[in-house]
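Chain residues, written in single-letter form:
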Amino acid sequence: MGPAKATDSKRVVLRRSTRRAILIWAFLAPSLLIFLLYRILPLLWNVVLSFEAWSPLKPAVFIGLDNYQEMLFDDDVFWQALWNTFGIIASAPIGIAIALGLALLVHSHIRGREVYRTIIFVSYPLMTVAVAIIWRWMFDERVGLINYAARSLHLVDKPIPFLNSFTWALPSVIAANIWQMLGFYMVIILSGLQTIPGNLYEAAGIDGANAFHRFVRITVPLLKPSLFLCFVIGMLNSVTSFDLIYVMTGGGPGRATEILITYIYKLGFNQTRFDYAAAVTVTFFILLLGITYLANRLSGGNAGAVERE
Amino acid sequence: MMRQRRTWPIHLTLIAVSAVMLLPFYWVFKTSISGENIFSYPPNVIPRDPNPFYYVDVWYAIPFARYFLNSVIVSTITITANVVLNAMAGYALTQNFRGKGFVLLLFLSCMMIPFQATIIPAYLITGKLGLLDSYLGLSLPLFSTIICIFVYKAAFDAVPRSLIDAARVDGLSQWTIIWRVMLPLARSATATNVILSFIWSWNNFMWPLIVTRTPEMQTLPLGLARFLSYQEDSTGALYAFCIMVLAPGLLLFLMAQKEFVQGLSAGATKG
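Within each chain, residues carry numbers counting from 1 in the order of the written sequence. Here chains are named by letter from A upward and ligands by number from 1 upward, in the order in which they appear as written. Two thresholds apply to this predicted model, a pLDDT of at least 70 for residue-level local features and 80 or more for giving and counting side-chain atom pairs, whereas whole-chain, interface and lining totals are computed over all residues. To obtain the side-chain values, all non-hydrogen atoms of the structure were included, while hydrogens and water were left out.

Enquirer: What's the story with the overall build of chain B in this structure? I'm lost.
Expert: Under the DSSP-based scheme used, a helix requires at least four consecutive residues in state H or I and a strand at least two consecutive residues in state E, with every element numbered from the N terminus. The helix and strand tally for chain B stands at 14 helices and 0 strands. Moving toward the C terminus, one meets the helices and strands of chain B in the order α-α-α-α-α-α-α-α-α-α-α-α-α-α. Counting across all 271 residues of chain B, residues that qualify as buried make up 55%. Areas reported as accessible are Shrake-Rupley estimates using a 1.4 Å probe. Residue values count occlusion only from the protein chains shown. Surface accessibility of chain B: about 12,300 Å² in total, with carbon and sulfur atoms responsible for 67%. Only protein chains enter the accessibility calculation, which uses a 1.4 Å probe; a residue whose area is less than 20% of its type maximum is buried, one above 50% is exposed, and one in between is partly exposed.

Written as structure tokens, this is what we have:
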């Protein structure tokens with residue numbers, strides 16, 4: 001960098017800190033652009049679209065709350081989908097409870113625990129479409145394994161058409177969802193368990209606390225952040241398990257397994273009602289935020305702090 | 001400590017759970033090589049007369065190679081973009097700069113927006129960009145993931161300050177330090193990024209369903225769902241297809257299980 005050259009001297013004037021700032025923002029820019037383009041902008045667009053009457057090829061007209069009014073008062077399918085979504089959200093704690101039990105078991109000093117961990121976790125990273133096909137067939141009325149087992153054990157007289165029954169379709173889908181999420185929950189809980197110092201249990205043992213007390217007084221409180229995380233991620237995963245429902249039931253029979261995300265898809269891409277679908281999307285999003293906030297409060301309110309280090 | 005306790009009830013429980021986790025796979029695999037329990041009731045546990053007939057059948061019934069190629073291309077683009085973009089953003093976040101709090105807040109709030117809740121505008125945006133039915137359009141929304149950015153950030157944070165200072169004293173440029181010192185030390189973060197972005201793009205279903213128009217652009221999950229819709233439910237070919245689709249993910253997982261689990265829990269707790 002010879003100071004004799006005019007262009008170079010200009011570069012020297014650019015202070016080191018400024019150059020650093022430029023580098024940092026240049027590094028952040030591509031990611032920020034992606035999130036702007038595919039998270040922030042869609043969110044805002046959804047909000048705007050939900051107050052409009054619009055379809056491709058037609059100019060948008062501001063119609064105020066009409067979409068929301070239709071959704072809340074004239075749309076039975078929306079309510080059905082909303083309740084089903086709640087049902088799926090409510091199923092997340094069941095999965096987490098099972099995973100907690102399993103995590104405690106594989107956390108103990110037994111032989112082969114690595115193998116068990118692998119087996120329990122293996123379903124999580126697999127393609128949900130394929131998992132849905134497998135479970136669709138497990139629940140099958142004529143050749144499904146579950147009906148075969150139930151009949152062999154004389155639990156039922158005639159096969160249950162799980163996925164074609166209004167009563168059983170949603171629980172069946174939920175079961176498949178839990179089956180796939182179980183390993184994920186377990187891994188998160190295990191990493192939480194590893195942070196609990198062992199001498200805490202020893203001290204409690206000396207004080208005469210039995211296993212149940214140790215679990216309630218030590219394990220659960222110290223695992224709260226992990227459990228909260230499981231719930232939030234599990235909830236997000238479950239309510240967006242579009243592929244599972246699309247393949248297993250398509251939302252049917254009737255609307256028995258319709259959830260908000262499948263309904264939004266159908267509204268948008270089967271009926272080309274983008275504006276109305278946007279109103280449902282906004283409601284869906286507010287619902288998710290509300291539940292996350294509630295879960296955060298219930299977990300003691302400090303889980304977010306732990307999450308942010 | 002529970003060391004003195006008898007362990008057989010634990011083993012019994014875990015074996016039962018393992019059976020529940022593995023049985024579906026076994027049954028599908030068995031059907032894919034024998035196709036028998038479709039017609040026979042009660043089913044046999046051990047496959048009788050196993051043969052690769054259904055795999056060959058699938059190969060000729062659908063453009064498997066095409067789906068596979070599409071999936072590989074989309075996944076490769078996604079993985080490359082993720083590693084580059086996330087490493088850059090992760091590195092930036094280890095530095096102190098004005099507006100860092102804002103960026104962190106932005107990232108954390110973006111994490112709360114599930115992509116599925118943005119599909120309609122995302123579709124319209126992709127259309128405006130002219131990327132519908134293209135490889136770039138298929139992979140663009142997954143180009144950067146917040147969890148993976150934080151995985152890189154944590155790995156870069158763990159690089160000792162003194163090492164970077166020493167490198168600087170030696171006259172290495174910022175760029176060389178990142179390339180020659182930080183990235184090699186963050187190898188496990190890179191592994192996590194590769195694995196997670198592979199799984200996400202390989203398994204992705206909803207976005208390709210929306211964005212692809214022509215059968216030539218369909219990825220494996222789409223091909224599988226399509227095959228399901230025009231084949232009778234219970235054919236061995238469908239399950240052979242399932243196995244063929246599951247195999248790559250399964251293999252990768254078994255090979256890099258440690259990195260996978262580590263990355264997932266690190267990403268989840270630090271993100």
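Enquirer: How should the overall build of chain A be read in this particular structure?
Expert: Each helix and strand in chain A was counted, giving 14 helices and 2 strands. Every radius of gyration here is taken over C-alpha atoms, with the globule rule written as 2.2 Å times N^0.38, N being the number of residues. For chain A, the C-alpha radius of gyration of 26 Å lies well beyond 19 Å, the compact-globule estimate for 309 residues. Over its C-alpha atoms, taken along the principal directions, chain A stretches across nearly 90 × 65 × 35 Å. In chain A, which comprises 309 residues, the proportion classed as buried is 52%. Residue contacts follow a heavy-atom distance rule, with two residues in contact if any of their heavy atoms lie within 4.5 Å. Look at the contacts in chain A between residues 6 or more apart in sequence, and 65% of them connect residues 24 or more apart. In chain A, 24 positive and 18 negative side-chain charges are present, and the distance between their average locations comes to 13 Å. Under the convention used here, Asp and Glu are negative, Lys and Arg are positive, and both His and the chain ends fall outside the count. To locate a charge, take atom NZ for lysine, CZ for arginine, CG for aspartate or CD for glutamate.

Enquirer: Even after reading the chapter, I still don't get the interface of chain B and chain A, so can you show me in this structure?
Expert: Counting from both sides, the interface comprises 103 residues of chain B and, opposite them, 88 residues of chain A. The term buried area denotes the loss of accessible surface (1.4 Å probe radius) that occurs when two parts are joined, taken as the sum for both partners. Here chain B and chain A share an interface that buries about 9,000 Å² over both sides, 79% of which is from carbon and sulfur atoms. Of all residues in chain B, M21, M112 and I120 of chain B bury the most surface against chain A, accounting for 8% of the area lost on that side. Salt bridges are defined as contacts in which a side-chain nitrogen from Lys or Arg sits within 4 Å of a carboxyl oxygen from Asp or Glu. Taken together, the connections running from chain B to chain A amount to 0 salt bridges. Counted as a polar contact is a pair of N or O atoms within 3.5 Å, where, for protein atoms, one must be capable of donating a hydrogen and the other of accepting one, and residues adjacent in sequence contribute only when both atoms are in side chains. Counting across the chain B and chain A interface gives 12 residue pairs in polar contact (both at pLDDT 80 or more). Residue polarity is assigned by list, with Asp, Glu, Lys and Arg as charged and Ala, Val, Leu, Ile, Met, Phe, Trp, Tyr, Cys and Pro as nonpolar; anything else, Gly included, falls into the polar class. For the side of chain B that touches chain A, the per-class residue count stands at 74 nonpolar, 22 polar and 7 charged.

Enquirer: I tried to follow the side chain of S139 of chain B on my own but got confused; where do I start?
Expert: Within the secondary structure, S139 of chain B sits in helix α6 (residues 135-139). Each residue touching S139 of chain B, except ones within four places of it in the same chain, is listed here: V74, I77 and T78 of chain B.

Enquirer: Looking at this structure, how should I read the packing of helix α2 (residues 16-50) of chain A against helix α4 (residues 100-111) of chain B?
Expert: Two measures define how a pair of helices packs: the angle their axes make with one another and the distance between the axes. To get an axis, fit a line to the C-alpha atoms, keeping to the stretch in contact for a helix; angles then go from 0 to 180 degrees between the N-to-C directions. Axis separation between α2 of chain A and α4 of chain B bottoms out at 11 Å; the angle between their running directions is 35 degrees. Both α2 of chain A and α4 of chain B take part in a crossing whose hand is left-handed. Between α2 of chain A and α4 of chain B, the contacting residues are W25, L28, L32, F35, R39 and I40 of chain A on the first element and V103, L106, F107 and C110 of chain B on the second. Classifying every residue of the contact of α2 of chain A with α4 of chain B by side-chain character gives 9 nonpolar, no polar and 1 charged. Each crossing gets its hand from how the near helix is turned against the far one by less than a right angle, where anticlockwise is left-handed and clockwise is right-handed.

Enquirer: In this structure, what is going on with a positive patch on the surface? I would like to understand it.
Expert: Together, R16 and R19 of chain A together with R161 and R168 of chain B give the surface a local cluster of positive charge. Of all the secondary-structure elements, those providing two or more residues to the positive patch are α2 of chain A together with α8 (161-169) of chain B. Here R16 of chain A is to be found in helix α2. A relative accessible area of 63% means that R16 of chain A is categorised as exposed. What goes into a patch is any residue over 30% in relative accessible area without a salt bridge, connected to like charges within 9 Å or, for nonpolar side chains (Val, Leu, Ile, Met, Phe, Trp, Tyr), within 5 Å.

Enquirer: Explanation requested: the confidence of the model for chain B in the structure shown.
Expert: Reading fine detail from the predicted coordinates is not recommended where pLDDT is low. Model confidence for chain B is summarised by a mean pLDDT of 83, while 90% of its residues fall at 70 or above. The ipTM, which scores confidence in the relative placement of chains, is 0.85 for this predicted complex, and the corresponding pTM is 0.85. Values of pLDDT, which run from 0 to 100, indicate the predictor's confidence residue by residue.

Enquirer: It is not clear to me how unusual backbone geometry should be interpreted in this structure. Could you clarify?
Expert: Most peptide bonds take the trans configuration, and most residues that are not glycine carry a negative phi. Non-glycine residue H154 of chain A carries a positive phi angle of around 60 degrees. With respect to the secondary-structure elements, H154 of chain A resides in the loop between α7 (145-152) and α8 (169-193). Although it is not a glycine, D133 of chain B sits at a positive phi angle of roughly 60 degrees.

Enquirer: What should I look at first to understand the pattern of salt bridges in this one?
Expert: Pairing of side chains with opposite charge becomes possible as their charged atoms draw close. All names here are of chain A. Summed over all chains, the structure comprises 5 salt bridges over all chains. Of the charged contacts, one joins E70 and R273 as a salt bridge, the two residues approaching to 3.1 Å between their closest N and O atoms. On the criterion of sequence distance, the pair formed by E70 in helix α3 (residues 66-74) and R273 in the loop between α12 (260-270) and α13 (274-298) is long-range, its members being 203 residues apart. Overall, E70 belongs to the partly exposed group, its relative accessible area being 25%. Accessibility expressed as a relative area gives 26% for R273, which makes it partly exposed. Residues joined in a network through salt bridges with shared partners are R255, E258 and K266.

Enquirer: Explain a nonpolar patch on the surface here, please?
Expert: Residues and elements named next belong to chain A. Together, L72, F73, W79 and W83 give the surface a local cluster of nonpolar side chains, amounting to about 470 Å² of exposed area. At the level of secondary structure, the elements contributing two or more residues to the nonpolar patch comprise α3 and α4 (76-107). Mapped onto the elements of the fold, W83 is located in helix α4.

Enquirer: Could you clarify how one ought to interpret the nonpolar core in this entry?
Expert: Soluble globular proteins tend to pack their nonpolar side chains together in the buried interior. Grouping buried Ala, Val, Leu, Ile, Met, Phe, Trp, Tyr and Cys residues that are joined through side-chain atoms within 4.5 Å yields what is termed a nonpolar core. Counting residues in hydrophobic clusters, the biggest one holds 180 residues, and the most contacted among them are L28 and I189 of chain A together with F107 and F241 of chain B. Residue contributions to this core peak at 16 residues, all from α8 of chain A. L28 of chain A has contacts with A89, A92, L93, F97, V103 and F107 of chain B, leaving out every residue within four places of it along the chain.

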